[in-house]
Amino acid sequence: MATQKITPSVLGDGTIAELAEAVRGNVIAPGDPGYDEARAIWNGAHDCRPALIVRCTWVADVMSAVELARSQDLEVAVRGGSHSIPGFSTCDGGIVIDLSPMQGVRVDPQAGTARAEGGVQWGRFDHETQAFGLAVTGGLVSTTGLGGFTLGGGIGWLVRKHGLTCDNLVSADVVTADGRFVSASAEENPELLWGLKGGGGNFGIAVSLEYRVHPVGPVVIGGPTFYPGERSAEILRFYRDFVRELPDELTTLAVLLWAPPAPFIPADWHGKALIALFTCYAGPLEDGAKAVAPLRELGDPVADLMGPLPYTALQSLLDPLWPHGKHAYMKAGYVRELDDVAIETAARYHQEATSPASEIHFHHFGGAVARVDESATAYRERQAPYVMNVIAASYESEGYDAHVDWAQRLYADLEPSLTGGAYINFLSAEGEDRVRDAYGGDKFARLQALKDEYDPTNVFHLNQNVPPSAA
Ligand SMILES: Cc1cc2nc3c(=O)[nH]c(=O)nc-3n(C[C@H](O)[C@H](O)[C@H](O)COP(=O)(O)OP(=O)(O)OC[C@H]3O[C@@H](n4cnc5c(N)ncnc54)[C@H](O)[C@@H]3O)c2cc1C
């Protein structure tokens, strides 16, 4: 029996008490101790006040929470790692079904699989799988939840070697909008599994996800090399040529940023514009050293941190730069061609950034991602050479609108070099047309048919929404 204090809310004491009896996790309402902490999500730009937060410990709690939401006609926000940029994992006046207590991970080294509960973050998953020398493509920041991340696609340091995270999704257990427990795998409900590979949280709450995992590390060649920001255009041109013939083992990322006051950057560079080239070579270390050697020929780095390091260290290297509470907005797309105009435009906007916490990313893509059959997953864009992500960010709300405006203007100026596609994990709240751009007409229709089957009244609409056809 739950023991937490029950306080009045729009739901009434009786309803909350009933739910508190039914679940093992905490039920937190406005006025309860810990309410402010429990309602906060990663993105500090969203400040919402749910009527109830249910911290679910396992499937039965999730079912009870969905049942309460249905019976009270409450808006539902599902929370895994809480990294949603548009703030979909919270809401005003509704119920937050918070999976964060669901932290189980079980690795089966013989089968080469690992199963994680829906609230697991990448840091925890990597810790468990690396104990067996295994991994799957995970996020660049270890506090990101693997639920939202996987269901949207999943781009990380292993993406060229092992594909998107969703390409490695073997099965999932889902609680649907009518409170049913449904498994999806190649044998059981395969169409649902197809939809979960990129279709986001539209079809239900994934209470556990099973992955194919691969031998990785434990040591990889990785980390960043920083160069002065005034060399951004020169270095992006070099980068464009460098990535043309890379082995799958090597995943790289170019980042235009402003130097944080970090100990690994010389103090006289703090606060100045930099460009960083990040690498991860997931293969034999001697081969990795050769593969990244051309990056060192650029000369005169501000700081060179590239070298052998544990895969788990690489996975959490960026965590200090992306703390909980940071304000962030993303404007992202896929680059058709990193032409000179696009490079000059990005370099100019970099210098004009309104916030030193904002960044421009060019992830090199391809490799294993590009070899998966186009029809195999709901995730669509596989042939673009880069994913571009303009991140407007700051540590305070003052000036935030100007930062967002900077990102939108940069995106608009780069549009001629983009494919027009969208990646739902990097989308802000940009409306149905951009969600359609993520899938294209045929896949959108297929996802809509799944939505009609599993969530015909759109209970799960706080996401990059595929509405049911009757909507
Ligand atoms: C600091 C930071 C770093 C990031 N790095 C990367 C990166 O390297 N690569 C990349 O591809 N993306 C990255 N992202 C984007 C990230 O993939 C998405 O924000 C993703 O949705 C986060 O998942 P979450 O579970 O943490 O989010 P939440 O905010 O908890 O959820 C986001 C959405 O997913 C749904 N959802 C979450 N869990 C479940 C579940 N178990 N079942 C059903 N629906 C669920 C929610 O309803 C919500 O709509 C990053 C985001 C941030 C803020």
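Summary of the structure given here. Keep in mind that this is a model prediction, so the values were computed, not measured.

About the cut-offs
- Residues numbered from 1 in each chain as written.
- Predicted model: local features only at pLDDT ≥ 70, side-chain atom pairs only at ≥ 80, totals over all residues.
- Heavy atoms only, no water.
- Helix = DSSP H or I, 4+ residues; strand = E, 2+ residues; numbered from the N terminus.
- Rg over C-alpha atoms; globule rule 2.2 N^0.38 Å.
- Contact = heavy atoms within 4.5 Å.
- Buried < 20%, exposed > 50% of the residue type's maximum accessible area, 1.4 Å probe, protein only.
- Pairing = 2+ DSSP bridges.
- Near = heavy atom within 4 Å.
- Polar contact = N/O pair within 3.5 Å; in protein donor to acceptor, adjacent residues only side chain to side chain.
- Areas by Shrake-Rupley, 256 points an atom, 1.4 Å probe, with all protein chains shown as cover.
- Nonpolar A, V, L, I, M, F, W, Y, C, P; charged D, E, K, R; others polar.
- Core = buried A, V, L, I, M, F, W, Y, C linked by side-chain atoms within 4.5 Å.
- Axes fitted to C-alpha atoms, helices over the stretch in contact; angles between N-to-C directions.
- Salt bridge = Lys/Arg side-chain N within 4 Å of Asp/Glu carboxyl O.
- Expected span 1.5 Å × (residues − 1).
- Parallel < 35°, antiparallel > 145°, perpendicular 65-115°, else oblique.
- Left-handed = near helix turned anticlockwise from the far one by under 90°.

Let's talk about the overall build of the protein chain
So, step 1. Scanning the protein chain from terminus to terminus reveals 14 helices and 19 strands.
So, step 2. Since a compact globule built from 471 residues should have a radius of gyration of about 23 Å, the 22 Å found for the protein chain is in line with a globular shape.
So, step 3. When its C-alpha atoms are laid out on the principal axes, the protein chain stretches across 70 × 50 × 40 Å.
So, step 4. Contacts spanning at least 24 positions in sequence make up 72% of the contacts within the protein chain whose residues lie at least 6 apart.

Overview of the pairing of strand S4 (residues 95–98)
So, step 1. On S4, burial covers both faces: Ile95 and Ile97 on one face and Val96 and Asp98 on the other are all buried.
So, step 2. As paired elements, strand S2 (residues 52–55) and S4 share four bridges and run parallel to each other. When the sheet's bridge partners are listed, valine 54 is paired in S4 with isoleucine 97.
So, step 3. In the sheet, strand S3 (residues 76–79) pairs with S4 via four bridges, with the strands oriented parallel. Within S4, the position partnered with arginine 79 by the bridge is aspartate 98.

Here's the deal with the site of the ligand
So, step 1. Around the ligand, a shell composed of 34 residues is seen, among which Gly80, Ser84, Ser89, Ile155 and Tyr423 lie nearest.
So, step 2. One nitrogen or oxygen atom from the main chain of leucine 140 is found 2.9 Å from an oxygen atom belonging to the ligand.
So, step 3. Backbone polar atom of alanine 206 to a nitrogen atom of the ligand: 2.8 Å apart, as the coordinates give it.
So, step 4. A total of 940 Å² of accessible area belongs to the ligand in isolation, and the protein chains cover 95% of it.
So, step 5. Where the shell around the ligand is concerned, the elements lending two or more residues are S3, helix H5 (146–152) and strand S10 (205–212).
So, step 6. Ranked by residues supplied to the shell around the ligand, first place goes to H5 with four residues.
So, step 7. Here the residues of the shell around the ligand are counted per class, giving 16 nonpolar, 17 polar and one charged.

Description of unusual backbone geometry
So, step 1. Residues glycine 217 and proline 218 are joined by a peptide bond in cis, for which omega reads 10°.
So, step 2. In this fold, proline 218 is placed in the loop between strand S11 (214–215) and strand S12 (219–228).
So, step 3. Within the chain, aspartate 300 stands out as a residue other than glycine whose phi angle is a positive 50°.

A word on the nonpolar core
So, step 1. Counting 46 residues, the largest nonpolar core has Leu164, Val220, Phe226, Trp322 and Phe365 as its most contacted members.
So, step 2. For this core, the secondary-structure elements that each account for two or more residues are S12, strand S13 (250–258), strand S14 (273–281), helix H10 (311–316), strand S17 (327–335) and strand S19 (386–394).
So, step 3. Setting aside chain neighbours within four positions, we find valine 220 in contact with Cys280, Tyr281, Ala282, Leu285, Gly307, Pro308, Leu309, Tyr311 and Leu314.
So, step 4. Judged by nonpolar contacts, the second largest core, of 45 residues, contains Ala233, Trp258, Ala353 and Val390.

Some remarks on the sheet that holds strand S6 (residues 113–117)
So, step 1. Ordered in space as S5-S6-S10-S8-S9, the five strands form an open sheet in which the pairing is antiparallel. A single partner strand is all that each edge strand has here, and the edge strands are strand S5 (105–108) and strand S9 (181–184). Taken over all neighbouring pairs, the strand axes of this sheet differ in orientation by 10° on average, direction set aside.
So, step 2. Summarising the sheet, strand S8 (residues 169–175) and S9 pair through four bridges and their orientation is antiparallel. Each bridged residue has a counterpart across the sheet, and for valine 174 the counterpart in S9 is valine 182.

What about the environment of aspartate 32?
So, step 1. With respect to the element layout, aspartate 32 can be found in the loop between strand S1 (27–28) and helix H2 (35–39).
So, step 2. According to the relative accessible area criterion, aspartate 32 is buried, its value standing at 7%.
So, step 3. Along the backbone, aspartate 32 and serine 469 are 437 residues apart, and their C-alpha atoms lie at a distance of 40 Å.

Some words on the pattern of salt bridges
So, step 1. Overall, the coordinates contain 24 salt bridges when judged by the stated rule.
So, step 2. For glutamate 234, the salt bridge is made with arginine 231, and the minimal N-O distance between the two is 2.9 Å.
So, step 3. Accessibility expressed as a relative area gives 15% for arginine 231, which makes it buried.
So, step 4. Its salt-bridge partner being aspartate 437, residue arginine 434 comes within 3.0 Å of it at the nearest N-O pair. Here the residue arginine 434 and the residue aspartate 437 both occupy positions in helix H14 (residues 432–454), the gap between them amounting to three residues, near one helical turn.
So, step 5. Given a relative accessible area of 28%, aspartate 437 falls into the partly exposed group.

Side note on helix H11 (residues 340–351)
So, step 1. Counted at 1.5 Å a residue, the expected span for H11 with its 12 residues is 16 Å, and the 17 Å between its end C-alpha atoms agrees.
So, step 2. The elements touched by buried residues of H11 are helix H8 (232–242), S13, S14, strand S18 (359–364) and helix H13 (400–414).

Description of the environment of glycine 139
So, step 1. Turning to its location among the elements, glycine 139 is positioned in the loop between strand S7 (134–135) and H5.
So, step 2. Residue class for glycine 139 comes out buried when judged on its relative accessible area of 1%.
So, step 3. Taking the C-alpha atoms as reference points, glycine 139 and glutamine 121, separated by 18 residues in sequence, lie 9.2 Å from one another.

Section: the packing of helix H1 (residues 13–22) against helix H3 (residues 59–72)
Each pair of packed helices can be summarised by the angle the axes make with each other and by the distance between the axes.
So, step 1. Contact geometry of H1 with H3 gives a least axis separation of 10 Å together with a crossing angle of 160°. In terms of axis orientation, H1 runs roughly antiparallel to H3. The crossing of H1 and H3 is right-handed. Counted together, Thr15, Leu19 and Ala22 of H1 and Asp61, Ser64, Ala65, Leu68 and Gln72 of H3 form the full contact between these two elements.

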